[in-house]
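Structure assessment
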Amino acid sequence: MIKKLILCAALFILDANAGAIDFIKPCAWNDKACILDSSKLALPYFVKGIPEIGVSPVDPFTIDEVNADNGELKLLFKDIKVEGISKCEIGEIERPTDKTHLRFILYCPILITGKYKSGGKILLVDVEGEGDTEIKTDKARIEVDIKMKTIVKDGKSYYKFTSFDYKYEPIEKLHFKFDNMFNGDKAKAEPFLKLLDQSWKELAQLGNPLIKAIVMKETANIEKIFLAMPIEEIELPA
């Protein structure tokens, strides 16, 4: 009797998981147009979260801490909130024929708020500060290349991610806000913050560790979808 109850519970969970991701449109591996269309249809569901398979909502979402040290600069972000993922546009997505990669390009507005602590040099200027921060751009290009492999689980094949790489470029202006820079000395802070505003292209790399943390979280969520759906359910014959 107990075995039957366990089996029924397992079947119920599997059926619930399948229903939770029935928005995925199957495509041939090399059908780029179908894959792009399917991904665009899936994005709103992904953003809202799929609790049945452990995918949490992604707009907004939080990150505890990111170390953004860069050369002579010491920079720590904490209590970070990320907004804008729901407004991302998928510019391109492809799966090479060897089936070992998934590559896509997103265009997203990004708003990052939280706390910061800094020391060292930025633009050859000695800086020190700790307080609230905000980093914003109305449009950034994020390219992600995920490496994957095929695994077999309970007699069915799935895609599992093994690593990822990314490139990030702000398309529109980056806006930086660092409250309490120079520990509240406005005579020093105001001209420095103006310099940051004018030099946003040179300072784009300051956002790289934050973008990496965002991509890491999102690829982990995407992998949960792949691990919940057998290949036969998402892939049509070429």
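Up top you'll find the structure we're talking about.
Keep in mind that this is a model prediction, so the values were computed, not measured. (Residues numbered from 1 in each chain as written. Predicted model: local features only at pLDDT ≥ 70, side-chain atom pairs only at ≥ 80, totals over all residues. Heavy atoms only, no water.)

A few words now on the overall build of the protein. When helices and strands are counted, the protein shows 5 helices and 9 strands. The N-to-C order of helical and strand elements in the protein reads α-β-α-β-β-β-β-β-β-β-α-α-α-β. For the protein, the C-alpha atoms occupy an extent of roughly 75 × 45 × 25 Å along the three principal directions. Across the 238 residues of the protein, 41% fall into the buried class. Across the protein, contacts joining residues at least 24 apart in sequence account for 68% of those joining residues at least 6 apart. A total accessible area of about 13,400 Å² is found for the protein, and carbon and sulfur atoms account for 54% of it. Between the mean site of the 34 positive side-chain charges and the mean site of the 38 negative ones, the protein shows a separation of 2 Å. (Helix = DSSP H or I, 4+ residues; strand = E, 2+ residues; numbered from the N terminus. Buried < 20%, exposed > 50% of the residue type's maximum accessible area, 1.4 Å probe, protein only. Contact = heavy atoms within 4.5 Å. Areas by Shrake-Rupley, 256 points an atom, 1.4 Å probe, with all protein chains shown as cover. Lys, Arg positive; Asp, Glu negative; His and termini not counted. Charge placed at Lys NZ, Arg CZ, Asp CG, Glu CD.)

Turning our eyes to something else, we now look at the state of the cysteines. Tallied over the full model, the rule gives 2 disulfides. Across the disulfide from Cys27 sits Cys34; the S-S distance is 2.1 Å. Disulfide Cys27-Cys34: torsion about the S-S bond near -75°, hence left-handed. A relative accessible area of 2% places Cys27 in the buried class. You can call Cys34 buried: its relative accessible area is 11%. Disulfide pairing places Cys88 opposite Cys108 at an S-S distance of 2.0 Å. Linking Cys88 and Cys108, the disulfide has an S-S dihedral of approximately 115° and is accordingly described as right-handed. (Disulfide = S-S within 2.5 Å.)

Further remarks concern the pairing of strand β8 (residues 175-178). Because side chains alternate across β8, one face comprises the buried residues Phe176 and Phe178, and the other comprises His175 and Lys177, none of which is buried. The pairing of strand β6 (residues 125-153) with β8 spans 4 bridges and is antiparallel. Bridging across to β8, Ile135 finds its partner in Phe176. (Pairing = 2+ DSSP bridges.)

What the rule picks out here adds up to 6 aromatic pairs. With 6.3 Å between their ring centres and 10° between their planes, Phe176 and Phe178 make a pair best called stacked. Of the two residues, Phe176 and Phe178, both sit in the buried class. By way of ring pairs, the aromatic residues Trp29, Tyr159, Phe161 and Phe226 are connected into one cluster. Sitting over the ring of Tyr158, Lys153 keeps its end group 4.7 Å from the ring centre. (Phe/Tyr/Trp six-rings, centres within 6.5 Å; stacked < 30°, edge-to-face > 60°. Lys NZ or Arg CZ within 6 Å of the ring centre and 35° of its normal.)

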